[in-house]
Amino acid sequence: MVDLKEIIKKFSEEYKLELYDNYQIEVTDISEYVKGDDTEYYYKRKEIIDQAMGLLYENSNGNIVVLVRKQDCVNFISSLIHEYVHLCDYNKLSNYRNDLDYRRLQEDFVFLFWTEFHATYLTYRYLINFNPAGLDVKNIQNEIVSDLIDYYSSSPKLDRHELMDKTVRSYGSYLALYDEFVQKVTLHPKHYYFNGQFLKLYKFLENKKTFEDFIVRFDDFKGLLLEI
Ligand SMILES: [Zn+2]
């Protein structure tokens, strides 16, 4: 068995994240794990938990657990890294707000959408660097854009939370691709934004790729989200 914390250590060094050790990793069926630990919590968030490939979870003993479902190797590592970025972000938020209740911290929707952006951004950069030379950059760029556009037009009445979630993740992947291949990727692709408000959101995220840069502009991000 590979040492999962060793993978995380290398990742943290490469992307300049703090190396924390206040958590455990469980490779498991996430739904069963949460249901067994806290049934009420599970049923309140069943929909999200059932489709999660990874989850940062404060269990009923107050321990922080990175839960990862068994899946193919690349997706497994991605999920692990992604949840570790969430851990770093919530550790910093916990410090910043002087609040040790991670479940409460995780209810803050403003922070949630930022950390989702951040985790997707760093995970995507990490994945790109497995094999940067083998990537068809133009093709991936077009795919990220058209996937989001297709989603926007998939229904006249999209769920607001899902819409935001898909949007910030897409922006995270796109900006990762941009940062890795500045010469080949357009920073502001046409027809990528749901409307002008989303372009503002994208421009905001462009230079909020660390907790420190983001947290001092937290209220601006909240304002942008509330206007949507
Ligand atoms: Zn996430």
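Residues numbered from 1 in each chain as written. Predicted model: local features only at pLDDT ≥ 70, side-chain atom pairs only at ≥ 80, totals over all residues.

## Considerations on helix H10 (residues 196-206)
Part 1 of the argument: Among all positions in H10, only Leu-201, Tyr-202 and Leu-205 are buried. The buried residues of H10 all sit within an arc of 100° when viewed along its axis, so they share a single face.
Part 2 of the argument: Buried residues in H10 make contact with helix H7 (109-128), helix H9 (160-180) and helix H12 (218-226). (Buried ≥ 20, exposed ≤ 12 C-beta atoms within 10 Å, placed from the backbone. Helix = DSSP H or I, 4+ residues; strand = E, 2+ residues; numbered from the N terminus. Arc of directions from axis to C-beta. Contact = placed C-beta atoms within 7 Å.)

## Considerations on the domain arrangement of the chain
Part 1 of the argument: When the domains of the chain are assigned, the result is domain 1 (4-107) and domain 2 (114-226).
Part 2 of the argument: Computed over C-alpha atoms, the centres of domain 1 and domain 2 are 22 Å apart.
Part 3 of the argument: With 10 residues of domain 1 in contact, the opposing surface of domain 2 contributes 9 residues.
Part 4 of the argument: Among the elements that make up the side of domain 1 that touches domain 2, the one with the highest residue count is helix H5 (residues 73-97) (8 residues).
Part 5 of the argument: In terms of residue class, the side of domain 1 that touches domain 2 is built from 5 nonpolar, 3 polar and 2 charged. (Domains from an automatic or database assignment. Nonpolar A, V, L, I, M, F, W, Y, C, P; charged D, E, K, R; others polar.)

## Quick look at the pairing of strand E3 (residues 64-68)
Part 1 of the argument: Across the 5 residues of E3, 4 count as buried, placing the element largely inside the fold.
Part 2 of the argument: Taken together, the 4 bridges between strand E1 (residues 24-27) and E3 define a ladder with parallel strand orientation. Bridge assignment links Gln-24 to a residue of E3, and that residue is Val-65.
Part 3 of the argument: Two strands pair when backbone bridges link them, and strand E2 (residues 54-58) and E3 are joined in this way by 5 bridges, in the antiparallel orientation. Paired with Tyr-57 across the bridge in E3 is Val-65.
Part 4 of the argument: Remark: 5 residues form the turn of the hairpin made by E2 and E3, two consecutive strands paired antiparallel; Gly-62 in that turn has positive phi of roughly 85°. (Pairing = 2+ DSSP bridges.)

## A few points about the sheet that holds E3
Part 1 of the argument: Taken in spatial order, the 3 strands of this open sheet run E1-E3-E2, and their pairing is mixed. The open sheet is flanked by E1 and E2, the only strands paired with a single partner. Direction aside, the axes of adjacent strands within the sheet are offset by 25° on average. (Axes fitted to C-alpha atoms, helices over the stretch in contact; angles between N-to-C directions.)

## As for the nonpolar core
Part 1 of the argument: Ranked by internal contacts, the top residues of the largest apolar core, which has 48 residues, are Val-66, Leu-67, Tyr-84, Val-85, Phe-117 and Tyr-171.
Part 2 of the argument: Mapping this core onto the domain boundaries places at least three of its residues in each of domain 1 (4-107) and domain 2 (114-226). (Core = buried A, V, L, I, M, F, W, Y, C linked by C-beta atoms within 7 Å.)

## Concerning the environment of Leu-201
Part 1 of the argument: Its location among the elements puts Leu-201 in helix H10.
Part 2 of the argument: For Leu-201 and Leu-225, which are 24 residues apart along the polypeptide, the C-alpha to C-alpha distance reads 7.9 Å.

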